[in-house]
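# Working through the structure, step by step
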Amino acid sequence: MTTRIGVTGATGRMGREVIAVATGREDCEVVFAVNREPAGETVDGIEVEPAAEFESLVADREPTAVIDFTGPESAADYVAACADAGIAFVTGTTGFDDEGDEALEAASEDTAVLHAPNFARGVQALVNVVGEAVRNLPGYDVELVETHHNAKRDAPSGTANRLLEEIEANGDFGGRTHGREGEAPRETGEIGVHALRAGDITGEHEIVLAGNHEEVRLTHRAEDRGVFAAGAVDAAVWIAGQKAGWYDFADVISE
Ligand SMILES: NC(=O)C1=CN([C@@H]2O[C@H](COP(=O)(O)OP(=O)(O)OC[C@H]3O[C@@H](n4cnc5c(N)ncnc54)[C@H](OP(=O)(O)O)[C@@H]3O)[C@@H](O)[C@H]2O)C=CC1
Ligand SMILES: O=C(O)C1=N[C@H](C(=O)O)C[C@H](O)C1
């Protein structure tokens, strides 16, 4: 069955990639695309419509899943609208505060919701192995460095936060230190977190584990945003028809 996809944030860096991927596949169709300020644009032949028309587009075009790459405030509004309409919601948006997280979780009681801070399959593999590395190297210093383009709003990245949760769950750490300045010797057990913003870098995450006169570096580097878009479209095709609930990208990959 063809998955009918609605896209939000259609003229953004990721929205454009999602439309490019989805229009190139035979198992899905982009039935509408919206952006805050569409200015009469089309993306890969899809007309971009005003965000204010989202609810009427949902009613008229009957998407089976919405893919969202906007911002945390708008994603919270879109997930609530999808929950009301019973449409599956896939979001890669990052930077949610507690209220945003709660909006996603509340919506998952009424519809299928999948949130992934990173839709690259390699990052999922990194999440899977980082805990094992930490468990194997107790007492080693751990630092995380993430690097993104100069227009990224949130820091640390959503992916960095996910990796940090995994690191903390697998070792005995004393807290996170975001950057260092001045007299700032490393405390035992702290996890250093560093966010670089420069140019149009797609997204890099590196975990450094050092001790015992050796170091291990686990690095993921996304070379093209199409990697994220392909994962998000895979997720939308997978989630359409799933029952209400909370899903993550690991559920998609494991099938
Ligand atoms: N999970 C993953 O794999 C990835 C996640 N991301 C995350 O995705 C999000 C978007 O990133 P990116 O594409 O680079 O950001 P952009 O700023 O390039 O794109 C966001 C788009 O959303 C639009 N927008 C904002 N509010 C609304 C609204 N209410 N309705 C419709 N459209 C709206 C913006 O429009 P306007 O320009 O008018 O503001 C813009 O076109 C970020 O949170 C980022 O961290 C990014 C890459 C991969
Ligand atoms: O904003 C981005 O560009 C990216 N954001 C995601 C994040 O915050 O982790 C994923 C990816 O690294 C690109």
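About the thresholds
- Residues numbered from 1 in each chain as written.
- Chains lettered and ligands numbered in written order.
- Predicted model: local features only at pLDDT ≥ 70, side-chain atom pairs only at ≥ 80, totals over all residues.
- Heavy atoms only, no water.
- UniProt positions renumbered as here; feature names shortened; annotations may be inferred.
- Domains from an automatic or database assignment.
- Contact = heavy atoms within 4.5 Å.
- Buried area = accessible area lost by both parts, 1.4 Å probe.
- Salt bridge = Lys/Arg side-chain N within 4 Å of Asp/Glu carboxyl O.
- Polar contact = N/O pair within 3.5 Å; in protein donor to acceptor, adjacent residues only side chain to side chain.
- Helix = DSSP H or I, 4+ residues; strand = E, 2+ residues; numbered from the N terminus.

Going by what an unreviewed UniProt entry lists, the protein is known as 4-hydroxy-tetrahydrodipicolinate reductase and is assigned to Natrinema gari JCM 14663. Taken from UniProt, the Subunit (unreviewed entry) comment for the protein reads in full: "Homotetramer." Entered under Function (unreviewed entry) in the UniProt record, the comment concerning the protein runs "Catalyzes the conversion of 4-hydroxy-tetrahydrodipicolinate (HTPA) to tetrahydrodipicolinate."

### Remarks on the domain arrangement of the protein
If you check the domain split of the protein, you get domain 1 (3-119 + 225-254) and domain 2 (121-222). For domain 1 and domain 2, the distance between their C-alpha centroids amounts to 28 Å. Each partner contributes residues to the interface: domain 1 has 15 residues there, and domain 2 has 16 residues. A combined buried area of about 1,300 Å² lies between domain 1 and domain 2, and 50% of that area is made up of carbon and sulfur atoms. On inspection of domain 1 and its partner domain 2, the count reaches 3 salt bridges. Residue Asp-234 is joined to Arg-121 by a salt bridge in which the shortest nitrogen-to-oxygen separation is 3.0 Å. In this structure, the connection of domain 1 to domain 2 is made through 6 residue pairs in polar contact (both at pLDDT 80 or more). Of all the secondary-structure elements, those providing two or more residues to the side of domain 1 that touches domain 2 are α3 (72-85), α7 (226-239) and α8 (249-253). Of all the elements, α8 adds the most residues to the side of domain 1 that touches domain 2, at 3 residues.

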